[in-house]
Number of protein chains: 2
Amino acid sequence: MRIIGIDPGLAIVGIGLIEANSAHDLEVLDYLTIETDAKTDFPQRLKEIGQDLGDLLKEYQPELAVIEKLYFSVNEKTALDVAQARGVIVSTIATHGAQIIEPTPSELKSCITGDGRADKKQMQKMVKMIFNLAEIPRPDDAADALALAAFGAFQGKRVSLLA
Amino acid sequence: MRIIGIDPGLAIVGIGLIEANSAHDLEVLDYLTIETDAKTDFPQRLKEIGQDLGDLLKEYQPELAVIEKLYFSVNEKTALDVAQARGVIVSTIATHGAQIIEPTPSELKSCITGDGRADKKQMQKMVKMIFNLAEIPRPDDAADALALAAFGAFQGKRVSLLA
């Protein structure tokens, strides 16, 4: 099954694309970011996110998309910007036709590390291990997106790496 | 100039379509709502909003779109839902190519009534008067959308109705 993990944002959207042959056989197809310029006006930035994501969906044809559920950040302005970008992302995927699952941050952390309050470093180490990568993927947004894609492959259930 | 005013929401999006021959000669072309069912899943609701709005933009070809700026509501969950729907709306308009202006609630009220803290009833009376309507448009979301379209015709400047 082909899976896309998406870490939503306005300035930077993390994208991880994987092929899950089984929960123990995951292959990274690509990871990347969609970035928009703060000097570009807001509607144009949203449009760019929708178009770039649409192009990726056409290219990779994922059957499943995993996007973290929104939670309220300390910064209300940022939260509303991220929410608007996330709306574009979710609707673009729904238009494309992929199934969407939306784990909370703690569901994601718990699935990947066994600890719902794991820190970023622990998550990134696990991403490197799960996908058998030489390095931790950069930037953080792309590593987060790969963690989300892995969540999709595990369908939220933690899978032992010893199998 | 053809103008669309949009009052964003997830369950109900208010739409007002007007033709502004001059700031004193405004004609209502249509007002309506796009509604999505709470029983429908969230990505599908966002998709429907984008598609229905896209159809209206194709039909009416407005050059200017006026969407109220987001402000934080008391209800955080609702604010994030509205923000995501608004993201879809803004990106759909940007893709269509219309210019977008985003007044704050108080800019809108001040332009339409002269009072940035005007209540809903006062706004609706002015909408009826500005567009020379027999009745106050229903539902409220459509009346709000017409007020936004009028803001676009006035470009944020209050225009005397005595001219």
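The sections below set out a description of the structure shown in this document. These numbers were taken from a predicted model, which means no experiment stands behind them.

Turning to the layout of surface pockets, a few remarks are in order. Residues and elements named next belong to chain B. Of the voids in this model, the largest pocket is the one considered here, and its volume is about 660 Å³. Lining the largest pocket are 27 residues, with Asp 7, Glu 68, Tyr 71, Lys 120 and Asp 144 positioned closest to its centre. Looking at the lining of the largest pocket, the elements that each hand over two or more residues are helix H2 (76-96), helix H3 (105-113), helix H4 (120-130) and helix H5 (140-154). Sorting elements by how many residues they give to the lining of the largest pocket places H5 first, with five residues. Residue composition of the lining of the largest pocket, by class: 15 nonpolar, three polar and nine charged.

Further remarks concern the sheet that holds strand S4 (residues 64-67) of chain B. Residues and elements named next belong to chain B. Judged by pairing direction, the sheet is mixed, and its five strands sit side by side in the order S3-S2-S1-S4-S5 without closing on themselves. Only two strands of the sheet have a single neighbouring strand rather than two, namely strand S3 (25-35) and strand S5 (99-101). Strand-to-strand twist in this sheet, taken as the mean axis angle between neighbours without regard to direction, amounts to 20 degrees. As paired elements, strand S2 (residues 12-22) and S3 share ten bridges and run antiparallel to each other. Within S3, the position partnered with Val 13 by the bridge is Ile 34. Against the sheet, H2 engages strand S1 (2-7), S2, S4 and S5, with an angle of about 170 degrees to S4.

Glancing now at the pairing of S2 of chain B. Counting buried positions along S2 of chain B gives eight out of eleven residues, so the element sits mostly inside the fold. Between S1 of chain B and the antiparallel strand that follows it, S2 of chain B, lie four residues.

With 23 residues of chain A at the contact, the number on the chain B side is 23 residues. Both sides of the chain A and chain B interface together cover about 1900 Å² of buried area, and 74% of this is carbon and sulfur. Contact with chain B buries surface across chain A, with Phe 72, Leu 80 and Gln 84 of chain A losing the most and accounting together for 31% of the total. For the interface between chain A and chain B, the tally reads two residue pairs in polar contact (both at pLDDT 80 or more). Among the secondary structure elements, those contributing two or more residues to the side of chain A that touches chain B are helix H1 (42-60) and helix H2 (76-96) of chain A. With twelve residues, the top contributor of residues to the side of chain A that touches chain B is H2 of chain A. In terms of residue class, the side of chain A that touches chain B is built from 13 nonpolar, six polar and four charged.

All names here are of chain A. Alternating positions in strand S4 (residues 64-67) separate into two faces, Leu 64 and Val 66 on one and Ala 65 and Ile 67 on the other, with burial throughout. Pairing geometry for strand S1 (residues 2-7) and S4, over four bridges, is parallel. Looking at S4, one finds that Ile 4 is bridged to Ala 65. One ladder, built from three bridges, connects S4 with strand S5 (residues 99-101); its direction is parallel. Note that in S5 the partner of Val 66 across the bridge is Ile 101.

Let's shift gears to the side chain of Asp 81 of chain B. Looking at the secondary structure, you find Asp 81 of chain B in helix H2. Contacts of Asp 81 of chain B, omitting those with residues within four sequence positions, involve Leu 10 and Phe 42 of chain B.

In this structure, Ile 93 of chain A together with Ile 93 of chain B are the most contacted members of the largest nonpolar core, which totals 46 residues. With residues up to four places along the chain from it excluded, the contact list for Ile 93 of chain B reads Ile 6, Leu 53, Leu 57, Ala 65, Ile 67, Ala 98 and Ile 100 of chain B.

In the contact formed by H1 of chain A and H2 of chain B, the axes pass within 8 Å of each other and the chain directions differ by 90 degrees. By the angle between their directions, the pair H1 of chain A and H2 of chain B is classed as roughly perpendicular. Residue-level contacts link Phe 42, Pro 43, Gln 44, Leu 46, Lys 47 and Gln 51 of chain A of H1 of chain A to Arg 86, Gly 87, Val 90, Ser 91, Ala 94 and Thr 95 of chain B of H2 of chain B. Partitioned by chemical class, the residues of the contact of H1 of chain A with H2 of chain B number five nonpolar, five polar and two charged.

The next subject is the packing of H2 of chain A against H2 of chain B. Helices that pack against each other are described as a pair by the angle of their axes relative to one another and the distance between those axes. The N-to-C vectors of H2 of chain A and H2 of chain B enclose an angle of 60 degrees; their axes lie 7 Å apart at closest approach. For the element pair H2 of chain A / H2 of chain B, the angle class is oblique. For the pair H2 of chain A and H2 of chain B, the crossing hand works out as right-handed. Contacts between H2 of chain A and H2 of chain B involve Ala 79, Leu 80, Ala 83, Gln 84, Arg 86, Gly 87, Val 88 and Ser 91 of chain A from the first element and Ala 79, Leu 80, Ala 83, Gln 84, Arg 86, Gly 87, Val 88 and Ser 91 of chain B from the second. Broken down by class, the residue content of the contact of H2 of chain A with H2 of chain B amounts to eight nonpolar, six polar and two charged.

All names here are of chain A. Within the element layout of this structure, Gly 114 appears in the loop between helix H3 (105-113) and helix H4 (120-130). Judged by relative accessible area, Gly 114 falls into the partly exposed class, the value being 45%. The spacing of Gly 114 and Arg 158 is 44 residues in sequence and 7.1 Å in space, taken between C-alpha atoms.

Criteria and cut-off values
- Residues numbered from 1 in each chain as written.
- Chains lettered and ligands numbered in written order.
- Predicted model: local features only at pLDDT ≥ 70, side-chain atom pairs only at ≥ 80, totals over all residues.
- Heavy atoms only, no water.
- 1 Å grid on protein atoms, 1.4 Å probe; cavity = no way out; pocket = protein on both sides within 12 Å on 5 of 7 lines; lining within 4 Å.
- Points joined across faces, edges and corners; volume = space filled by probe spheres on them.
- Helix = DSSP H or I, 4+ residues; strand = E, 2+ residues; numbered from the N terminus.
- Nonpolar A, V, L, I, M, F, W, Y, C, P; charged D, E, K, R; others polar.
- Pairing = 2+ DSSP bridges.
- Axes fitted to C-alpha atoms, helices over the stretch in contact; angles between N-to-C directions.
- Contact = heavy atoms within 4.5 Å.
- Buried < 20%, exposed > 50% of the residue type's maximum accessible area, 1.4 Å probe, protein only.
- Buried area = accessible area lost by both parts, 1.4 Å probe.
- Polar contact = N/O pair within 3.5 Å; in protein donor to acceptor, adjacent residues only side chain to side chain.
- Core = buried A, V, L, I, M, F, W, Y, C linked by side-chain atoms within 4.5 Å.
- Parallel < 35°, antiparallel > 145°, perpendicular 65-115°, else oblique.
- Left-handed = near helix turned anticlockwise from the far one by under 90°.

Remember, this is a structural readout, not a statement about activity or role.
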